[in-house]
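Architecture at a glance
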Amino acid sequence: MVGFDIREIATISMVLFAVIDIIGTIPIVVDLRAKVGHIQSEKASLAAGIIMIVFLFVGEELLKLIGIDVHSFAVAGSFVLFFLALEMILGIRIYKEEEEASSASIIPLAFPLIAGAGTMTTLLSLRSQFATANILVAIVLNIILVYIVLKSSAKIEKLLGKNGLGVIRKTFGVVLLAIAVKLFAANVKGLF
């Protein structure tokens, strides 16, 4: 049996926390809740966790099966992050939910906001460096944190107020834009 390494778990957890950026997505969660009325925190967290765990084990093989390399996947993910960042910074709305959507818990919350291309690409790179058991523990820890933040998003919204959320939205929009550019730049080299 593979032993758990607390240092590895802490490192992986911090990397995933930075990539998932659940604190930075609070403004998006608040916007989604305003649009659809209710965010199912349990459903979103569970779906994101399942997506991440499944992708950890079969992601690279799945991409190979459909003829996509990891670099192409990461570049595509950078575009998604780029457009989300533009929404946050400019206050525009690019994503339009389907008319029948009664909840935004799965799309766009669980995927691509929480378990998006950046997270999935990160999981593939972590898998080459760390023990799978430690990655699984880090995923579970991050999903618990995601759940707590989603569940308390209304309280966080009241605490910060409209102006506070606006500042956070714009600030994390710029951070998300930088992550998108970094993800693009790091992976576009691998395409050529």
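Higher on the page you've got the structure.
Residues numbered from 1 in each chain as written. Predicted model: local features only at pLDDT ≥ 70, side-chain atom pairs only at ≥ 80, totals over all residues. Heavy atoms only, no water.

1. Focus on the overall build of the protein chain
Secondary structure assignment for the protein chain yields eight helices and zero strands. Ordered by position from the N terminus, the helices and strands of the protein chain form the series α-α-α-α-α-α-α-α. A compact globule built from 192 residues would reach a C-alpha radius of gyration of about 16 Å, and the protein chain, at 17 Å, matches this within 12%. Relative to its 192 residues, the protein chain shows a buried fraction of 41%. Of all intrachain contacts in the protein chain linking residues separated by at least 6 positions in sequence, the fraction that spans at least 24 positions is 88%. For the protein chain, the accessible surface area stands at approximately 10,500 Å², while carbon and sulfur atoms represent 69% of it. Distance between charge centres in the protein chain, computed from 16 positive and 14 negative side chains, equals 7 Å. (Helix = DSSP H or I, 4+ residues; strand = E, 2+ residues; numbered from the N terminus. Rg over C-alpha atoms; globule rule 2.2 N^0.38 Å. Buried < 20%, exposed > 50% of the residue type's maximum accessible area, 1.4 Å probe, protein only. Contact = heavy atoms within 4.5 Å. Areas by Shrake-Rupley, 256 points an atom, 1.4 Å probe, with all protein chains shown as cover. Lys, Arg positive; Asp, Glu negative; His and termini not counted. Charge placed at Lys NZ, Arg CZ, Asp CG, Glu CD.)

2. Looking at the pattern of salt bridges
Summed over the entire model, instances satisfying the criterion amount to two salt bridges. Two residues, arginine 33 and glutamate 157, come together in a salt bridge whose shortest N-O distance is 2.3 Å. Here glutamate 157 lies in helix H8 (residues 153-188) and arginine 33 lies in helix H2 (residues 26-36), a separation of 124 residues in the sequence. Lysine 151 is paired through a salt bridge with glutamate 42; the nearest N and O atoms lie 3.0 Å apart. Here lysine 151, found in helix H7 (residues 132-151), pairs with glutamate 42, found in helix H3 (residues 41-65); they are 109 residues apart in sequence, far enough to count as distant. (Salt bridge = Lys/Arg side-chain N within 4 Å of Asp/Glu carboxyl O.)

3. As for helix H1 (residues 6-20)
For H1, spanning 15 residues, the distance from its first C-alpha to its last is 20 Å, which sits close to the expected 21 Å at 1.5 Å a residue. All of the buried residues along H1 are Glu8, Ile9, Ile12, Ser13, Leu16 and Ile20. Take H1 and look down its axis: the buried residues cluster within an arc of 130 degrees, on one side only. In H1, those exposed residues whose orientation departs by more than 90 degrees from the buried face are Arg7 and Met14. Its buried side turned inward, H1 meets H3, helix H5 (105-114), helix H6 (117-127) and H7. Regarding H1, its N-cap is aspartate 5, as a side-chain oxygen of that residue lies 2.9 Å from the backbone nitrogen of arginine 7 further along. One or two steps after H1, the chain reaches aspartate 21, where phi turns positive at roughly 50 degrees. (Expected span 1.5 Å × (residues − 1). Arc of directions from axis to C-beta. Polar contact = N/O pair within 3.5 Å; in protein donor to acceptor, adjacent residues only side chain to side chain.)

4. Brief notes about the packing of aromatic side chains
Counting across every chain of the model gives three aromatic pairs. Look at phenylalanine 79 and phenylalanine 184: their rings are 5.7 Å apart centre to centre, the planes differ by 65 degrees, and that puts the pair in the edge-to-face class. Remark: phenylalanine 184 occurs in helix H8 and phenylalanine 79 occurs in helix H4 (residues 70-90); sequence separation between them is 105 residues. Judged by its relative accessible area of 42%, phenylalanine 79 falls in the partly exposed class. You can call phenylalanine 184 partly exposed: its relative accessible area is 33%. (Phe/Tyr/Trp six-rings, centres within 6.5 Å; stacked < 30°, edge-to-face > 60°.)

5. Quick notes on the packing of H3 against H6
Contact geometry of H3 with H6 gives a least axis separation of 9 Å together with a crossing angle of 80 degrees. With respect to their mutual orientation, H3 and H6 come out roughly perpendicular. Side by side, H3 and H6 meet where Ile51, Met52, Phe55, Leu56, Phe57, Gly59, Glu60, Glu61 and Leu63 of the first sit next to Thr119, Met120, Leu123, Leu124 and Arg127 of the second. Of the residues assigned to the contact of H3 with H6, the class counts are nine nonpolar, two polar and three charged. (Axes fitted to C-alpha atoms, helices over the stretch in contact; angles between N-to-C directions. Parallel < 35°, antiparallel > 145°, perpendicular 65-115°, else oblique. Nonpolar A, V, L, I, M, F, W, Y, C, P; charged D, E, K, R; others polar.)

6. Here we look at the environment of glycine 91
Looking at the element boundaries, glycine 91 is found in the loop between H4 and H5. Separated by 40 residues in sequence, glycine 91 and isoleucine 51 place their C-alpha atoms 29 Å apart. Setting aside residues up to four positions removed in sequence, glycine 91 forms contacts with Leu86 and Lys170.

7. Concerning the side chain of serine 13
By the element assignment, serine 13 lies in helix H1. If near-sequence neighbours (up to four positions away) are discounted, serine 13 is found in contact with Ala138, Leu141 and Asn142.

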